[in-house]
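Chain by chain, the residues run as shown.
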Amino acid sequence: MLDEDNVGLKARYQLAARRSPYVLLGLAVVSLALICLTYDGRRRQMLNEELRFLRKQTNTLNIRLATLGDSIAATVRELNEITAERESARDSIDSLTEKTAKLAKKIREEINSKAEEIKSGQEQDLNELKEKIDKLPKECIVARPPPPTPPYKDPYQYDPGGASYTGNAQPATPVPDPCKGKDTECRQAKVKDAFLHSWNAYKKYAWGHDELMPLSKRPKDWGKDSKGLGLSMLDAISTLWLMDLKDEFHEVRHWVEEELDFDQDCSVSAFEVTIRMVGSMLSAYELSGEKHKGFLTKATQLADRVLWAYNTSSGIPHANINLQTHAHSNPQWTGGSSVLSEFGTVQLELRTLSLHTGNALYDQKATWIMDVIESKAPATMLCPTYYNTVYNRWTSDHVTLGALGDSFYEYLLKQYLLTGMTETRYKDMYMKAVREIVKQLVKRSTPSGQTYVAEYKRGSIFNKMDHLACFTGGMLALGTHLIEDYGDDKADHLKTAEDLAETCYLMYKNQPTGIAPEIVEFRGGSDMATSPRSAYYLLRPEAVETFMYLWRVTRKEKYRDWAWEVFTHIDHWCKVESGGYSGLRNVAFVPPQKDDLQQSFWFAETLKYLYVIFSDDDLLDFKEWVLNTEAHPLRVRKRNPLDVWDERDATKLAQERGLGIDERLRRHQEEFERRRAEGDTDGQQQPQPQPQQAQAANAGGTSDWVKEQERLVRESRERHAQWQREQDAKYEAEDAETQRLKRLQQQR
């Protein structure tokens, strides 16, 4: 049974084996068909999904296109509106242009019509005037003056080869002459009227203060915290006496005695205070016959305060002094050095003060300064402008008879004259200096041959001349006139003085205002030119000072005429109708702009020189009086200044003069340090405590008072340093603005 079953299975297996290829093929076909159908379904599904995605993207794009279409439509509408507005504006502009053209045409027609009317009227007036003139008798017809110079515009041309502008000389604009055809007394009276016009304005608007601002009608004081030192009235006092204005003189005297107060926390120039205030009060004391002791008392009090500036290891004074705290210093712009024209121009005042007080201290200070200068000076006696008080040496090579050096040379001569020509050392110093001045600094320009005093600086000649240097002509004239054994060059020096005076006259005559600038240049030795930077005028006196001395020496009438011509132009352009006289900002412009300041030396010098030149010689005899550098007369006395010295001090001086200056300076410094170590803050002199300090000094002793003074000095120096920083910042800003304007000018 089992075998039959196996046979059956085997037979079926064999049959199946024979049929299996077909079966497999069929299965393969069926499988392939199933696979194809499956793939086709999946692909159809994918395509359907992709189609749906594309439809969705199409819908999104359609929406965006619709939105973009709306935006484009809105933009088109806006462009249409802008185009319409532009067309409207263009029409408006065309309309306005047409109206403007019509209006301009109408204005031109009216102007031409008015001009024709004016011209016709002028011609008619001229014809009528000619008819009237023709009807006049011929003897009544006088020569008509030349027409005035038209308003001055700008004669300067920029010179790219240098830092200044140059230009041709311009004739002075004619001004009225109130004394034409009249005698000298008329001129003198007009000068006096000018003084009273200035004085009354000062009295009305600035009484007790230092200077007047005539346009603003208010006072101006020296110190930042000053309440006024009466500078202008003190500078005017000697002129008041000479002009015989005695009521005004005594009014000032009363103010000096009763109200003048030096106890003010303000810093002032020790030099200016000495020549203007101490000098003026000593002059008033001597002019009035030495009757009014108040002048001498106040001069002494002020000098005692100023002597604190001499508190240096060298004895050469500092420039600035605080009248209350006694703090003293030199300005930054000098590099910490003292200035020759300041410490070399205090001797007349200090020596006169010693004479009247019997106190040799003032004379000793003055003499010590001259000893140092004489020993440290070059062989030519042409001293540089800056001296370092610590290292005891000159700190520049700048030699000038203008600012920073001028009055030192003047005082070499006048110290000799003040002592009745008995102290010959000063004559020798003066003669050595002026010979070198004429030899090295006096130059002549080309092609006109104008004589001027140049400067020496940084190893070369600077061809410029300050108005301040115009005093040189007067100094030379006075020296040749009064020094008896002058020498062989006397005539040459007088000729030089006259030539310099002519140049100073041309400084006035060659300006449209007829008034000189502060500085003129002779660039490359050529003829005079003016820079706009220095074309201002400060009521300067030096030119008329030289005219005054040359009139006295030569008796040539031209010097009076020149002085009068200068005065008439000053009176015309500088006078303020409401009162006072003012400086000018630029003398090259007509009409000039005023600077709103009436300088105190306008009273002391300019008007005094003008008054004296039109007066008789006995008003002020130069053999009996010496004018200090502020024109305050001091009486000449034949005396040896050492007569007022203590015998011990005089002997010490005689012995020390046999030593070298370096050894004397060493001893001076040792004595100075010793005194300071002992608590004497002055180092040389212990001044009397002021009234408000007396109680503290008595209660706490001198040492407490010294400590208090040192504290005040420190505080004052701190305030001054702060003020100096503010000024420096201000100047830096101004310099930056100036440089900016220069760059703009160069670009143009």
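Residues numbered from 1 in each chain as written. Predicted model: local features only at pLDDT ≥ 70, side-chain atom pairs only at ≥ 80, totals over all residues. Heavy atoms only, no water.

**With respect to the pattern of salt bridges**
(1) Moving on: What the rule picks out here adds up to 31 salt bridges.
(2) Moving on: Note that lysine 246 and aspartate 244 form a salt bridge whose closest N and O atoms lie 2.7 Å from each other.
(3) Moving on: Exposure remark for lysine 246: the relative accessible area of 25% places this residue in the partly exposed category.
(4) Moving on: We classify aspartate 244 as exposed; its relative accessible area is 52%.
(5) Moving on: One network of salt bridges, in which partners are shared, links Asp371, Glu374, Arg425 and Arg664. (Salt bridge = Lys/Arg side-chain N within 4 Å of Asp/Glu carboxyl O. Buried < 20%, exposed > 50% of the residue type's maximum accessible area, 1.4 Å probe, protein only.)

**Section: the environment of serine 396**
(1) Moving on: Along the chain, serine 396 falls in the loop between β10 (393–394) and α10 (406–418).
(2) Moving on: Overall, serine 396 belongs to the partly exposed group, its relative accessible area being 24%.
(3) Moving on: Residues serine 396 and lysine 457, 61 residues apart in the sequence, show an inter-C-alpha distance of 8.3 Å.
(4) Moving on: Discounting chain neighbours no more than four positions away, the residues touching serine 396 are Pro384, Thr385 and Tyr386. (Helix = DSSP H or I, 4+ residues; strand = E, 2+ residues; numbered from the N terminus. Contact = heavy atoms within 4.5 Å.)

**Quick look at the confidence of the model for the protein**
(1) Moving on: Overall, the predicted model of the protein reaches an average pLDDT of 85, with 83% of residues at or above 70.
(2) Moving on: Contacts of residues 137–168 to residues separated by more than four positions or lying in other chains number 46 contacts, the stretch itself having pLDDT below 50. (pLDDT = per-residue confidence, 0-100.)

**Quick word on the packing of aromatic side chains**
(1) Moving on: In the structure shown here, the tally under the stated rule is 21 aromatic pairs.
(2) Moving on: Judged by centre distance (5.1 Å) and plane angle (45 degrees), the rings of tyrosine 549 and phenylalanine 622 are tilted. Of this pair, tyrosine 549 sits in helix α14 (residues 542–554) while phenylalanine 622 is found in the loop between α16 (601–613) and β17 (625–627), placing the two residues 73 residues apart along the sequence. For the pair tyrosine 549 and phenylalanine 622, one class covers both residues: buried.
(3) Moving on: An aromatic cluster of three or more residues is present, and its members are Phe195, Trp199, Tyr202, Trp207 and Phe603.
(4) Moving on: A cation over an aromatic ring shows up here: arginine 552 above the ring of phenylalanine 622, its NZ or CZ 4.5 Å from the ring centre.
(5) Moving on: Taking the ring centre of tryptophan 551 as reference, the NZ or CZ of arginine 555 above it sits at 4.9 Å. (Phe/Tyr/Trp six-rings, centres within 6.5 Å; stacked < 30°, edge-to-face > 60°. Lys NZ or Arg CZ within 6 Å of the ring centre and 35° of its normal.)

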